[in-house]
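Next come the chains, spelled out residue by residue.
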Amino acid sequence: MSGEAKTGPPPEETANRGGETPVIEGVETTDEATVTEEGVELERTIGLTGGLSIGVGTMIGAGIFVFPGIAAGDAGPAAAGSFAIGAVIALLVALPASELATAMPKSGGGYYFISRGMGSLFGAIVGLSLWFGLVFASGFYLVGFGFYAEAVLGRLGVTLGGFSVVIPLALLFGAFLTVLNVTGTENAAKLQNGVVGVLLAIIIGFLTFGGLSSVGLIGESQPISESFLSKGAFPVLETAALVFTSYLGFAQVATVAGEIKKPGRNLPLAMVGSVVIVGVLYVATIFVAVSAFGSERLAELGETAMVTVAESFLGSAGAFAILVGGLLATVSSANASILSTSRAIYAVSKDALLPRAASRINLKYGTPHVALGMAGGPILVLVVVLGADGVAVLAEVASFLHLVMYGLMCVALIALRRDEPEWYDPAFRVPGYPVVPVLGAVASFALIGFMQRTSQVIGGAIMLLSAGWYYYYARDVTLRGAL
Amino acid sequence: MSTDETPSGPRVLIPIKILEGETLGESVVDLLATLPVVVLGYHVVPEQTAPGQARMGFGEQAQAKLDDIAAAFVEAGGEAETRLVFTHDGAQTRDRVADETRCDTILIPNPAPEITRVLVLLRKADDLTRVTGLVGRLIGDRSITVTLSYVSTSEDDAETGEAVVSDATARLRDAGVPAENIRTDPLASGGSLETIATAAADHDAVVMCESTSSVRSFLFGEESKQVAARSLGPVVVVRRSRTSENTDPSGTSDEV
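What counts, and where the lines are drawn
- Residue numbering note: each chain is counted from 1, following its sequence as written.
- Each chain is given a letter, starting from A, and each ligand a number, starting from 1, according to the order in which they appear as written.
- Local features in a predicted model are, by the rule used here, given only for residues with pLDDT of at least 70; side-chain atom pairs are given and counted only at 80 or more, and totals for whole chains, interfaces and linings are based on all residues.
- Excluded from the side-chain calculations are hydrogens and water; all other atoms, namely the structure's heavy atoms, are used.
- Only DSSP runs of H or I with at least four residues qualify as helices, and only runs of E with at least two residues qualify as strands; both kinds are numbered from the N terminus onward.
- Residue-level accessible areas treat just the shown protein chains as cover; the underlying method is Shrake-Rupley with a 1.4 Å probe.
- We compute the radius of gyration from the C-alpha atoms alone; for a globule the expected value is 2.2 Å times N to the 0.38, where N is the number of residues.
- Any two residues whose heavy atoms approach within 4.5 Å are treated as being in contact.
- We count Lys and Arg on the positive side and Asp and Glu on the negative side, and we leave His and both chain ends out.
- Each charge is placed at NZ for Lys, CZ for Arg, CG for Asp and CD for Glu.
- Relative accessibility thresholds used throughout: buried, under 20% of the residue-type maximum; exposed, over 50%; partly exposed, between the two (1.4 Å probe, protein chains only).
- An arc is given here, and it is the one of the directions from the helix axis to the C-beta atoms.
- The term buried area refers to how much accessible surface (probe radius 1.4 Å) is lost by two components on association, counted for both of them together.
- Salt bridge, as used here, is a side-chain nitrogen of Lys or Arg placed within 4 Å of a carboxyl oxygen of Asp or Glu.
- Here a polar contact is taken to be a pair of N or O atoms separated by no more than 3.5 Å, where protein atoms must pair a possible hydrogen donor with a possible acceptor and residues adjacent in sequence count only if both atoms sit in side chains.
- By the convention used here, strands pair only if DSSP detects at least 2 bridges between them.
- Each pair of aromatic rings taken from Phe, Tyr and Trp, with Trp reduced to its six-membered ring, is defined by centres within 6.5 Å and is described as stacked if the planes are under 30 degrees apart, edge-to-face if over 60, and tilted in the remaining cases.
- Only lysine NZ and arginine CZ atoms are considered, and such an atom sits over a ring when it is within 6 Å of the ring centre and within 35 degrees of the ring normal.
- The axes used here are C-alpha line fits, helices contributing only the stretch in contact, and every angle between their N-to-C directions lies in the interval 0 to 180 degrees.
- One less than the number of residues in a helix, times 1.5 Å, gives the span that helix is expected to have.
- Remark: nonpolar core denotes a set of buried residues (Ala, Val, Leu, Ile, Met, Phe, Trp, Tyr, Cys) joined through side-chain atoms within 4.5 Å.
- Patches here: salt-bridge-free residues with over 30% relative accessible area, like charges joined within 9 Å, nonpolar side chains (Val, Leu, Ile, Met, Phe, Trp, Tyr) joined within 5 Å.
- Angles are sorted into four bins: roughly parallel if under 35 degrees, roughly antiparallel if over 145, roughly perpendicular if 65 to 115, and oblique for all others.
- In a left-handed crossing the near helix is turned counterclockwise from the far helix by less than a right angle, and in a right-handed crossing that turn is clockwise.
- Under the scheme applied, nonpolar residues are Ala, Val, Leu, Ile, Met, Phe, Trp, Tyr, Cys and Pro; charged residues are Asp, Glu, Lys and Arg; polar residues are all the others, including Gly.
- Place the viewer so that the strands point away; then a crossover is right-handed whenever the path from the first strand over the helix to the second strand goes clockwise.

Structural notes on the overall build of chain B
Helix and strand counts for chain B stand at eight helices and nine strands. Approximately 11,100 Å² of chain B is accessible, and the part contributed by carbon and sulfur atoms is 49%.

This is the structure we're talking about:
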């Protein structure tokens with residue numbers, strides 16, 4: 001960390017094995033566009049609502065619709081505490097990430113900050129790990145979707161001879177979303193905003209009725225009293241590590257940082273705001289669910305526990321609302337993650353850490369078919385390999401790889417701040433420096449320690465492979481300070 | 001990207017979907033070569049694609065096409081500034097670049113085989129000074145016929161119409177347009193889109209004012225766009241006066 005950041009184009013001998021050098025995206029950032037060296041402009045078109053919608057839409061699927069049963073089984077009533085811990089860690093990272101994003105509002109998010117702040121080795125590890133982290137996250141959302149789709153079919157009376165359709169449905173939808181993103185050029189962002197609105201309405205409705213029920217005004221259930229830390233403190237932290245996947249979306253806002261209007265204002269608001277919104281909703285939802293049913297029963301109900309909880313409040317209308325919500329939420333999360341994966345691949349391939357062909361665009365649809373394929377293909381393989389029982393591993397590996405990036409983002413911030421390069425001029429500065437980024441880094445790395453051994457091994461292996469790829473393919477590429 | 005701080009007269013933005021085969025015919029270049037123009041080449045990418053990704057793939061190709069168009073203006077004796085933008089939102093880009101380059105006029109770039117007859121639509125609310133100033137600079141003493149048509153809103157508006165048209169005629173003459181090239185056409189009066197479109201189809205190009213509050217709304221189903229769609233010819237649209245041009249742009253709401 002000698003802080004010898006360079007500005008301007010990197011030195012000449014920075015080609016990768018294929019002879020490609022990093023493409024510098026922009027030299028000037030305005031509220032409305034990024035302007036490249038040759039004067040080509042890249043319009044910024046995503047406003048605050050769009051940014052929040054990306055963050056909330058990515059996150060909301062997991063924490064409320066998939067995790068409550070699993071988390072309650074592991075941590076008891078203190079599962080709400082696990083979600084609160086996750087929210088605090090996410091906030092500790094979202095604040096430094098916001099500062100970095102306003103200093104470097106370019107596509108690629110965390111990868112971009114780390115490669116520019118700490119050099120190309122760290123950049124490559126994070127960039128490639130982020131690709132796989134998003135692949136695991138997408139796989140997790142798709143399996144969650146499979147559970148909801150199966151529950152819907154079950155309620156409609158469709159049974160397939162006891163054969164579980166979770167994985168086939170997950171695969172089908174994974175393939176469908178990938179193809180849709182390659183061929184569809186409709187404006188799905190507006191749809192995403194609508195979906196997020198519907199989900200928020202469903203959840204707030206759930207919380208309202210759940211609150212009324214827990215004070216005995218409606219419903220049949222009686223408040224359950226069990227000791228908050230019925231399983232002890234350690235499982236609460238383990239569960240926090242597991243459910244942290246529910247908070248991965250805020251960093252996805254940064255992957256489209258190059259497209260956000262008025263980045264100095266909108267990026268921090270969208271990232272911090274989406275963490276606060278979903279954090280509050282998660283904690284409240286788990287609290288209501290646990291008070292209504294008790295953690296033991298929730299655990300038995302598994303991935304679709306929320307359907308039964310809502311049914312107890314509102315009868316079949318409640319079950320219907322949560323089923324619809326679960327389908328929408330998991331699909332929206334999966335889709336947002338697939339899109340982020342494609343952006344992540346673009347970011348590393350633009351910097352010559354992957355072959356440039358990875359971000360090629362097809363002429364017919366104008367979509368990045370190679371990158372989308374590099375997202376969708378591994379996702380499907382992963383869903384097949386890990387299967388319905390692999391939900392926890394999918395979620396944890398996704399969190400592992402993201403947490404490494406989060407921790408390094410905090411480190412990159414500290415490195416940049418200690419010896420600020422001339423180009424470093426963030427519109428937003430993290431409050432409480434250096435405490436917040438130090439805590440963010442420590443908490444991110446510490447949370448990894450509470451994961452299952454399997455997840456740690458897979459995550460570690462992916463990082464090692466990424467480093468190996470860097471040394472094989474792109475060791476001459478210089479990215480530090482290459483803005 | 002030099003932009004005149006004080007525009008000396010009308011300035012035309014020519015938005016071209018540069019990678020979708022849209023281009024400017026020779027006749028349109030010749031028509032506009034008397035004015036300073038900004039050729040905006042833009043490419044709308046789907047949201048799955050980062051604009052930078054599209055630029056990486058097609059930037060050079062787009063720039064080359066844009067340079068060709070700029071060269072055509074120079075050849076025709078004019079001058080053209082160029083801008084190249086990759087975007088998710090074409091309307092936002094056109095609006096922004098028009099504001100940044102202080103273009104008070106924007107072209108809907110339909111082709112025309114040759115341009116010898118230009119229809120100028122006038123309304124009560126229009127800024128006559130700007131419209132006639134533009135047409136005067138545009139046509140000058142070239143052998144192009146200008147038809148002035150007043151679009152009335154009601155029956156008793158007809159008298160105002162006559163006054164407006166004769167005022168406009170005088171201004172055009174002052175601006176150097178030969179009297180024999182100026183016609184007036186009461187037929188377009190009555191104001192229905194049908195009448196206007198019919199009159200427009202009878203000419204090679206149309207000049208009209210933006211009727212509502214933003215370039216965006218006119219480009220999405222606004223009258224001038226419909227005129228362009230029906231007449232199939234180029235339409236030169238005088239943008240609404242941006243008196244609040246320099247007020248805080250952050251006052252605009254967040255768009256998705």
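A closer look at the overall build of chain A
Tallying secondary structure elements over chain A gives 16 helices and three strands in all. Here chain A has a C-alpha radius of gyration of 22 Å; the compact-globule value for 483 residues is 23 Å, and the two agree. Projected onto the principal axes, the alpha-carbon positions of chain A cover approximately 70 × 50 × 40 Å. The contacts in chain A between residues at least 6 apart in sequence include a share of 82% that link residues at least 24 apart. Accessible area of chain A: about 16,800 Å², with a carbon and sulfur share of 66%. Looking at charge distribution, chain A has the averaged site of its 23 positive side-chain charges lying 3 Å from that of its 32 negative ones.

Regarding helix H8 (residues 223-231) of chain B
All names here are of chain B. For H8, the set of buried residues is Glu223, Ser224, Val227, Ala228 and Ser231. Along H8, the residues classed as buried sweep out an arc of 140° about the axis, all on the same side. Where H8 ends, the next residue or the one after it, Leu232, has phi of about 65°, a positive value.

Some words on the interface of chain A and chain B
In this assembly, 50 residues from chain A lie in contact with 31 residues from chain B. For the pair chain A and chain B, the two sides together bury roughly 3,100 Å², of which 52% comes from carbon and sulfur. The three residues of chain A that bury the most area against chain B are Glu41, Glu43 and Ile361 of chain A, which together make up 22% of that side's buried surface. Joining chain A to chain B, the criterion identifies four salt bridges. The salt bridge partner of Arg96 of chain B is Glu43 of chain A, with a shortest N-O separation of 2.7 Å. Linking chain A to chain B there are 18 residue pairs in polar contact (both at pLDDT 80 or more). Contributing elements (two or more residues each) for the side of chain A that touches chain B: strand E2 (33-35), strand E3 (40-43), helix H1 (48-65), helix H6 (166-183), helix H7 (188-214), helix H10 (263-293) and helix H12 (305-350) of chain A. In terms of residue count, H12 of chain A provides more of the side of chain A that touches chain B than any other element does, six residues in total. Here three bridges tie E3 of chain A to strand E3 (residues 80-87) of chain B, and the two strands are oriented parallel to one another. Looking at the pairing, Glu41 of chain A lines up with Val85 of chain B of E3 of chain B.

A few points about the packing of aromatic side chains
Residues and elements named next belong to chain A. Under the definition given, this model contains 17 aromatic pairs over all chains. With 5.5 Å between their ring centres and 55° between their planes, Phe140 and Tyr141 make a pair best called tilted. Tyr141 carries the same exposure label as Phe140, and that label is buried. One aromatic cluster in this structure is built from Phe83, Phe244, Tyr247, Phe250, Tyr282 and Tyr406. When the ring centre of Tyr112 is taken as reference, the NZ or CZ atom of Arg116 above it lies at 4.2 Å. A cation sits over an aromatic face here: Arg417 above Tyr433, 4.3 Å from the ring centre.

Things to note about the sheet that holds strand E7 (residues 182-184) of chain B
Pairing is mixed across the open sheet formed by twelve strands, whose spatial order is E1(A)-E2(A)-E3(A)-E3(B)-E2(B)-E1(B)-E4(B)-E9(B)-E8(B)-E5(B)-E6(B)-E7(B). In this open sheet, the two strands that pair with only one neighbour each are strand E1 (28-29) of chain A together with E7 of chain B. As paired strands, E2 of chain A and E3 of chain A are joined by three bridges and run antiparallel to one another. If you follow Thr34 of chain A over to E3 of chain A, its bridge partner there is Leu42 of chain A. Relative to E3 of chain B, helix H2 (residues 51-75) of chain B is tilted by about 160°, and along the sheet it contacts E3 of chain A together with strand E1 (12-17), strand E2 (37-44) and E3 of chain B. Packing against the sheet, helix H4 (residues 128-139) of chain B makes contact with strand E4 (105-108), strand E5 (117-122), strand E6 (145-150), strand E8 (205-209) and strand E9 (235-238) of chain B, and its axis sits at approximately 170° to E5 of chain B.

A look at the pattern of salt bridges
What the rule picks out here adds up to 16 salt bridges over all chains. Between Glu81 of chain B and Arg11 of chain B there is a salt bridge; the shortest N-O distance is 2.8 Å. Pair noted here: Glu81 of chain B is in strand E3 and Arg11 of chain B is in the segment before E1, with a separation of 70 residues, a long-range link. Look at Glu81 of chain B and you get buried, because its relative accessible area is 15%. Ionic contacts of the salt-bridge type, sharing partners, join the residues Glu41 and Glu43 of chain A together with Arg83, Arg96 and Glu100 of chain B into one network.

Focus on helix H5 (residues 158-174) of chain B
Residues and elements named next belong to chain B. With 17 residues, H5 ought to run about 24 Å at 1.5 Å a step, and its terminal C-alpha atoms sit 24 Å apart, in line with that. Within H5, the full set of buried residues consists of Gly161, Val164, Val165, Ala168, Thr169 and Leu172. End-on view of H5: buried residues confined to an arc of 140°, all on one side of the axis. Those residues of H5 that are exposed and aimed more than 90 degrees away from the buried face are Glu159, Glu162 and Asp174. Tucked inside the fold, the buried residues of H5 contact E5, H4, E6 and E7.

Notes on the nonpolar core
Residues Phe250 and Tyr406 of chain A are the most contacted members of the largest nonpolar core, which totals 159 residues. The residues contacting Tyr406 of chain A, other than those within four sequence positions of it, are Val93, Phe244, Tyr247, Leu248, Phe250, Ala251 and Ser444 of chain A. In terms of nonpolar packing, the next biggest core, distinct from the first, is built from 53 residues, Val40 of chain A together with Leu84, Ala112 and Val131 of chain B among them.

Section: a nonpolar patch on the surface
Taken together, the side chains of Leu156, Val158, Leu160 and Phe163 of chain A define a hydrophobic patch exposed on the protein surface, amounting to about 430 Å² of accessible area. Relative to the elements of secondary structure, Phe163 of chain A occurs in the loop between helix H5 (120-155) and H6.

Remarks on the side chain of Ser337 of chain A
Residue and element names in this part refer to chain A. Position of Ser337 among the secondary structure elements: in helix H12. We classify Ser337 as buried; its relative accessible area is 0%. Setting aside residues up to four positions removed in sequence, Ser337 forms contacts with Thr58, Leu134, Ser138 and Tyr141.

Re the packing of helix H2 (residues 67-75) of chain A against helix H8 (residues 234-243) of chain A
Residues and elements named next belong to chain A. For the pair H2 and H8, the least separation of the axes is 8 Å and the interaxial angle reads 160°. Considering their axes alone, H2 and H8 lie roughly antiparallel with respect to each other. In this structure, H2 meets H8 at a crossing whose hand is right-handed. Between H2 and H8, the residues in contact are Phe67, Ile70, Ala71, Asp74 and Ala75 and Pro235, Val236, Thr239, Leu242 and Val243, respectively. Of the residues that constitute the contact of H2 with H8, the class distribution is eight nonpolar, one polar and one charged.

Some remarks on the pairing of E3 of chain B
Counting buried positions along E3 of chain B yields six of eight residues, so the element is predominantly enclosed. Regarding the hand of the β-α-β motif, the stretch spanning E2 of chain B, H2 of chain B and E3 of chain B is right-handed.

Quick look at the packing of H5 of chain A against H12 of chain A
Residues and elements named next belong to chain A. Two elements in contact, H5 and H12, have axes whose closest approach is 8 Å; the angle formed by their N-to-C orientations is 155°. The angle between H5 and H12 falls in the class roughly antiparallel. In the crossing of H5 with H12, the sense of the turn from one axis to the other is left-handed. A class-by-class count of the residues in the contact of H5 with H12 yields 24 nonpolar, nine polar and two charged.

Some words on the environment of Leu382 of chain A
Residues and elements named next belong to chain A. Looking at the element boundaries, Leu382 is found in helix H13 (residues 369-386). Placed 18 residues apart in sequence, Leu382 and Phe400 show a C-alpha to C-alpha distance of 16 Å. Among residues more than four places away in sequence, those in contact with Leu382 are Val135, Phe136, Gly387 and Leu394.

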